[in-house]
There are 2 protein chains.
Amino acid sequence: MRADAKKNYDQLLATAREVFTEQGADASLRDIARRAEVGLGTLYRHFPTREALLEALLRSSFDALAAKARELESSGASDEALVSWLQETIAFTHEHRGVIAPMMGAIEDPESALHASCVMLRAAGASLLARAQADGNARADLDGSELFDLIAALAWLREQPSHAPRADRLFSVITDAVLVNRDA
Amino acid sequence: MRADAKKNYDQLLATAREVFTEQGADASLRDIARRAEVGLGTLYRHFPTREALLEALLRSSFDALAAKARELESSGASDEALVSWLQETIAFTHEHRGVIAPMMGAIEDPESALHASCVMLRAAGASLLARAQADGNARADLDGSELFDLIAALAWLREQPSHAPRADRLFSVITDAVLVNRDA
DNA sequence: ACCTGAACACCGTTCAAGT
DNA sequence: ACCTGAACACCGTTCAAGT
């Protein structure tokens, strides 16, 4: 990449991070180009879709969540491992308001720039779920897609201001539904 | 209301119903005015906000859901009553794609035209939940707001195309979480 | 090889001018 | 009393013209 191109690329990413943090992942791309002091066409060539920009911005976070899952797989209790990972994943989406809707769109669209990351995330969750199920700690009749749906639902809820005071409560209601209640 | 005003009002509502059904509750208001063959200003005077238009369109459905809840309250099993009502409520939102987000925004915003309907819906669910709790059929540590959150989460999931094949499964996972599992 | 911004086709919302 | 649509301030996306 030419030096000036690289500079624009980096500047766009840094500005996108700022603007998405302020306004959510559906912020105006025009505004990002403007604040990055870069032509609108430059943004579109580096990042042909909003998903491509999100992917470049969030790739390392996706990787970190996948790494965390691998790490947790060889940790103590399989149910606690699953719950911690769910918590971290929800926290990640919460830090990036508006990202769960494109992720949900991307998971079954191989053309989306977010597809691979979402599939990886679903697989990471599926592994932790499988271990918990093998231990008898999680409902046997759930799969990775359903876990991903539950994550998405919780993530979307957390984006709703009216839901905020109940976010932690609902998280535990849903995780209770995933885990086998060993006190029963 | 003057006769011509009434005619425009009705025409707008009928067209909005069509367009929202085709494109979801976030469809273009301009498009609705155009297809209703009415000036854009006329739409805005009759319905100052998108919420006002949705409210006029859906009021009877909200009333029907509240009536259904009252009816179910004096029916057989309290757990089955709650589940049927949840099912009908989710089906309603599914018929009106895009409506759950403004509803979630309206529930804590008294200025929203959808506020009263949403509060009514939450109260209707809360009644059925309270009866199921009194019978020992539902988790005691849930309230109407949390039930509304769960409804919203399921409704949002159902709007996601990728989720479609798992909609019924996830519904039962969530209702299992609400109901006390009497086989345990 | 890369950048720019005008151009196009849309929005939501307001409001002066009309009937 | 009500209606209309131009006007304004935005979008996303493309692409001819520049360096």
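Since the model is a prediction, treat every value here as computed from it, not as a measurement.

Observations concerning the interface of chain A and chain B
Each side of the interface is counted separately: chain A has 27 residues, and chain B has 27 residues. Across the contact surface, chain A and chain B share eight salt bridges. Among the salt bridges present, the one from Glu146(A) reaches Arg169(B), with a minimum N-O distance of 3.1 Å. Our count for the contact surface shared by chain A and chain B stands at twelve residue pairs in polar contact (both at pLDDT 80 or more). Of all the secondary-structure elements, those providing two or more residues to the side of chain A that touches chain B are α6 (100-106), α8 (144-159) and α9 (167-178) of chain A. Here the residues of the side of chain A that touches chain B sort into 15 nonpolar, four polar and eight charged.

A look at the relation of the copies chain A and chain B
Both copies of the chain are related through a single rotation about an axis accompanied by a shift along the same axis. With an RMSD of 0.0 Å, the fit of chain A onto chain B corresponds to turning through 180 degrees and sliding 0.0 Å along the axis. Here the two chains are linked by the operation of a two-fold rotation axis. The residues that chain A uses at the interface reappear at the interface of chain B in 100% of cases, marking a shared surface.

What about the protein's contact with DNA strand D?
As a structural note, the neighbourhood of DNA strand D is formed by 21 residues, with Arg30(A), Tyr44(A), Asn8(B), Gly39(B) and Arg45(B) the closest of them. Each atom of DNA strand D within 4 Å of the protein was classed as base or backbone; sugar and phosphate made up 57%. Note that a sugar or linking oxygen of DNA strand D is positioned 3.2 Å from one of the side-chain N or O atoms of Ser28(A). At 3.3 Å from a base nitrogen of DNA strand D is found a side-chain nitrogen or oxygen belonging to Arg30(B). Elements supplying a minimum of two residues to the surface near DNA strand D: α2 (29-35) and α3 (40-46) of chain A together with α1 (3-23) and α3 (40-46) of chain B. The element contributing the most residues to the surface near DNA strand D is α3(B), with five residues.

Scoring rules and cut-offs
Residues numbered from 1 in each chain as written. Chains lettered and ligands numbered in written order. Predicted model: local features only at pLDDT ≥ 70, side-chain atom pairs only at ≥ 80, totals over all residues. Heavy atoms only, no water. Contact = heavy atoms within 4.5 Å. Salt bridge = Lys/Arg side-chain N within 4 Å of Asp/Glu carboxyl O. Polar contact = N/O pair within 3.5 Å; in protein donor to acceptor, adjacent residues only side chain to side chain. Helix = DSSP H or I, 4+ residues; strand = E, 2+ residues; numbered from the N terminus. Nonpolar A, V, L, I, M, F, W, Y, C, P; charged D, E, K, R; others polar. Least-squares fit on C-alpha atoms with pLDDT ≥ 70 in both. Near = heavy atom within 4 Å.

Just geometry here; none of it tells us what the structure is for.
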